Amino acid sequence: MTAYVFYDDTDCGGIVYHANYLIFCERARSLLFFEKGMLPHNAKHGFVVKDIESSFIKSLQLGDRYKVHTIPLEIRSASLILQQEIYKIATFNTILDAPEIVFSLKVKLAHINVETKKPCKISGSIHDVVEFFTRK
C-alpha cells in the first residue's frame, strides 16, 4: 500500500502521531484482502490482534509519501504472524533516492469465532490471501 501523510495524521508539529503507524499497517492488511475481493472478517470469523512488537525508527511528516510492506512470517491453523514495515519513499515534492524505513511492526493475529471469541481454523481462502503476500 502506498499513501500520503495527511494533515489529520499529524500532531501540531506536522509529525505523524505514533498511533497512526498502527493504523497505516492495519489499512495495508485490510487492503490485501480487498484486492482479492474479500473482507478480513465475516459474520462468523475474523482476525484479532494478539501481540504486537513495534519499533519507531524515524518520523513521517505532513506531505510525505510512504509504502507499507507486509510479509508473512508464520501461518498456523488459527493464527498468522506478519512483519510490516513502513518506508518513506518521498517528501512533499521530492522522490527519495532510496526508501527509508521509518517503522517496523511484528503482529500476531488470532483467527476467532466471532460468537464464542475462541480461536478457530483459518479457511483455505484466507490462506490463499496470506500466501499472496509472498508473491508480491
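Residues numbered from 1 in each chain as written. Predicted model: local features only at pLDDT ≥ 70, side-chain atom pairs only at ≥ 80, totals over all residues. Heavy atoms only, no water.

Going by what an unreviewed UniProt entry lists, the protein chain is known as Acyl-CoA thioesterase and is assigned to Helicobacter trogontum.

## Quick notes on the sheet that holds strand S5 (residues 95-113)
Working definition: the strands of a sheet are paired by backbone hydrogen bonds and lie parallel or antiparallel to each other. The strand order across the open sheet formed by 5 strands is S1-S3-S4-S5-S2, and the pairing between neighbours is antiparallel. Strand pairing shows two members of the sheet lacking a second neighbour, strand S1 (2-4) and strand S2 (45-56), which therefore form its edges. The sheet shows a mean angle of 30° between the axes of neighbouring strands, direction not considered. Across 10 bridges, the pairing between strand S3 (residues 65-75) and strand S4 (residues 79-90) is antiparallel. When the bridges of S4 are listed, Ile71 appears paired with Gln83. Seen against the sheet, helix H1 (residues 18-34) touches S2, S3, S4 and S5 and runs at an angle of roughly 70° to S5. (Pairing = 2+ DSSP bridges. Helix = DSSP H or I, 4+ residues; strand = E, 2+ residues; numbered from the N terminus. Axes fitted to C-alpha atoms, helices over the stretch in contact; angles between N-to-C directions. Contact = heavy atoms within 4.5 Å.)

## A few points about the environment of Lys44
Position of Lys44 relative to the elements: it lies in the loop between H1 and S2. Considered as a pair, Lys44 and Cys25 are 19 residues apart in the sequence and their alpha carbons are 24 Å apart. Residues contacting Lys44, with those up to four places away along its chain left out, are Ile112, Asn113 and Val114.

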